[in-house]
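Summary of structural features
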Amino acid sequence: MSEIRKSWGLHIGVVTLLLALNFILPDYHHGNLARVMVLACYAMGYNMLFGYTGLLSLGHALFFAAGMYGMSLTVQHLGWSAGPAIIVGLASGLAMSLVVGILSLRTAGVAFMIVTLMFAQAGYLAALYFGEYTRGDEGFVIQKAARQIGGIDLSDPMNRYLAALVLFAVCLFITLRVVQTGFGRVLVAIRENEERTRMLGYDVHLHKLLAILLSGTMSAAAGAGYGLLFGYAGATFASVQYSIFPLLWVLLGGAGTVLGPFVGTLFMFYLIDLSSDISTAYMLIAGLTLVLLTLFAPQGLVGELRRRTLRWLP
Amino acid sequence: MLSIRNLSSSYGDAQVLHDISFEVNAGEIVCLLGRNGAGKTTCMKTIMGLIPANAGSVEVSGETVSSLPAHEVPKRGIGYIPQGRRLFAELTVAENLEIGLMVRQQGDDIRDQVLGMFPRLRERLDQRADTLSGGEQQMLATGRALCINPSVLLLDEPTEGLQPSMIEQIRKAVTTLRARGVAILLVEQRVDAVLSIADRVVFLENGRNHPPVITAELEAKPELLTRFVGV
């Protein structure tokens, strides 16, 4: 019981700290952190499937883009306001993950990776194909006037940061709650030994599908949030690169940990940011750091912390 | 309690079980004996629905379970402890048990009953399953299967590779369950262990079974053991 209280304490503490940082960070880092928090939601969605359920998807950009386009296209072409448009973004992610889930779960292992990758590629090509609406790679800017919810201007840095924090906190607490419930334990059991979980009497297929729905919808929430807060939607976000990013963030931060995705996203963001200050060959520095990290902290930063000292970390 | 009628199953085109029929009554331990490859584990997996049955049926308390999907079978009260234990390594002892309890929404009374049977587990509740010794892992695997409060229990070589004191504890747990009226189907290689615990023995040979023999009568017919198990 006390471990549950400890982990709630820790995660509420992290959110409080992020709230405090809103008032003290210099502009540059303030903007960065808002971006990191939204991307961390994407990583948390990915982690739900990869870290907790053990399903490695290479096509999550599809869900991120579904949220982003679901939101931005309704704003851009139907003139909807931001609130309902976010709902459309979430619904697009949910529908997309339902379809992809039902079809891709017929496969497992490497085939699952390939199938999800192919779906995401199809999504990317569709975004290019319908360039008339999406403006393809070039993308389109979501006008400042449209980026408002209940009269709050989300393009204002302070509001944007707080909105990102709200989204982040919601995703974080949902993840924390899920992994504490029986449902979350069954997901981990599936990751550990799928056959055994089925022998014990669990519908493995259904649990995996629910995990994909949760994961895809959370990724879509991040996509919708990103488009709205930073005022841009483009096909780059549907590309394979954006399917690999959350995998990297989660691996660096610690797969199967609640805080890992955030830590991984933050680390990677600043790694690239700082190394590009030093040299134009910044990918070399970033790459080397990543290699070292996977060598010496194979379970990721938070995973390693859990292994060494804080055994109770969820 | 558990009744198997004319059960056949195959791996792809290769038929492994042919027309298996026997029963396990409540409060009885029936042991499956046979050489390697005779079909003992396949028989258990077919009962659990993990390998689809080509023909025949499996009934538990009169309800046919052989037509159900595999994950529904344990919900009918059949616990299965496969060979090699297979715990959820990263989960703690308590979490492993919880997953067992959730299958049929069992409460704390069953949990206490299980922990009463294996006091060692109570001392290790917060420990990760992969840090347990082999014997403790077997206890946990058994305990987790008991968490569904089964009326039928299938055990596949539960004492394989364990030290004698652990074997004794597992044995004790199995006889306790028999006394409570659980129908137990056991696969065991060590003939002496079988003879001291089983009520009846079913011999399997090339995927076919021979009529069950009462264990007491087996002592008078050692030729059966020579024929089917080679000892």
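Okay, so let's go over this structure. (Residues numbered from 1 in each chain as written. Chains lettered and ligands numbered in written order. Predicted model: local features only at pLDDT ≥ 70, side-chain atom pairs only at ≥ 80, totals over all residues.)

A look at the overall build of chain A
Across its full length, chain A holds 14 helices and 4 strands. Over its C-alpha atoms chain A spans a radius of gyration of 19 Å, differing by no more than 12% from the 20 Å that the globule rule assigns to 314 residues. A principal-axis box enclosing the C-alpha atoms of chain A has dimensions of 55 × 45 × 40 Å. Counting across all 314 residues of chain A, residues that qualify as buried make up 46%. (Helix = DSSP H or I, 4+ residues; strand = E, 2+ residues; numbered from the N terminus. Rg over C-alpha atoms; globule rule 2.2 N^0.38 Å. Buried ≥ 20, exposed ≤ 12 C-beta atoms within 10 Å, placed from the backbone.)

Considering the overall build of chain B
Within chain B, the regular secondary structure consists of 9 helices and 11 strands. Relative to the globule expectation of 17 Å for 231 residues, the C-alpha radius of gyration of chain B, 17 Å, shows essentially globular dimensions. Seen through its principal axes, chain B has C-alpha atoms that stretch 45 × 35 × 30 Å. Within chain B, the fraction of its 231 residues that count as buried is 44%. Sequence-distant contacts, at least 24 apart, represent 68% of the contacts inside chain B between residues at least 6 apart. (Contact = placed C-beta atoms within 7 Å.)

Topic: the interface of chain A and chain B
Between chain A and chain B, the contact holds 15 residues from the first and 20 residues from the second. Elements with a minimum of two residues in the side of chain A that touches chain B: α8 (182-192) and α9 (194-200) of chain A. Looking at which element gives the most residues to the side of chain A that touches chain B, the answer is α8 of chain A, with 6 residues. Its residues placed into classes, the side of chain A that touches chain B shows 7 nonpolar, 3 polar and 5 charged. (Nonpolar A, V, L, I, M, F, W, Y, C, P; charged D, E, K, R; others polar.)

Digging into the pairing of strand β8 (residues 183-187) of chain B
Along any regular strand the residues' side chains alternate between the sheet's two faces. Residues and elements named next belong to chain B. Along β8, 5 of the 5 residues are buried, which leaves the element largely enclosed by surrounding structure. Alternating positions in β8 separate into two faces, Ala183, Leu185 and Val187 on one and Ile184 and Leu186 on the other, with burial throughout. Here strand β3 (residues 29-33) pairs with β8 via 4 bridges, running parallel. Residue pairing in the sheet places Leu32 in a bridge with Val187 of β8. Judged from the 5 bridges that link them, strand β7 (residues 152-156) and β8 form a sheet pairing that is parallel. Within β8, the position partnered with Asp156 by the bridge is Val187. (Pairing = 2+ DSSP bridges.)

Some thoughts on helix α14 (residues 301-308) of chain A
All names here are of chain A. Those residues of α14 not exposed but buried are Val302, Gly303 and Arg306. Buried residues of α14 fall within an arc of 105° about the axis and therefore sit on the same side. Looking at the buried residues of α14, the elements they touch are α11 (241-253) and α12 (260-278). (Arc of directions from axis to C-beta.)

A few points about helix α10 (residues 204-230) of chain A
Helix length check: α10 of chain A (27 residues) gives 38 Å between terminal C-alpha atoms against 39 Å at 1.5 Å per residue, within 8%. Directly beyond the C-terminal end of α10 of chain A, a positive phi value near 70° is found at Gly231 of chain A. (Expected span 1.5 Å × (residues − 1).)

A look at the sheet that holds strand β4 (residues 53-60) of chain B
Residues and elements named next belong to chain B. In spatial order, the strands read β2-β1-β4-β5; together these 4 strands make up an open sheet with antiparallel pairing. Because the sheet does not close on itself, it has two edges, and the strands there are β2 (14-24) and β5 (63-64). Relative to β2, strand β1 (residues 2-11) runs antiparallel, the two sharing 7 bridges. The residue bridging Leu7 from the neighbouring strand is Ile20, located in β2. Strand contacts of helix α1 (residues 40-47): β1, β2 and β4, with the helix running at about 70° to β2, the strand carrying the most contacts. (Axes fitted to C-alpha atoms, helices over the stretch in contact; angles between N-to-C directions.)

Comments concerning the packing of helix α3 (residues 61-78) of chain A against helix α5 (residues 110-129) of chain A
Residue and element names in this part refer to chain A. At a minimum axis separation of 8 Å, α3 and α5 run at an interaxial angle of 35°. On α5, the residues that touch Ala61, Leu62, Ala65 and Tyr69 of α3 are Phe119, Ala120, Gly123 and Ala127. Per-class residue counts for the contact of α3 with α5 are 7 nonpolar, 1 polar and no charged.

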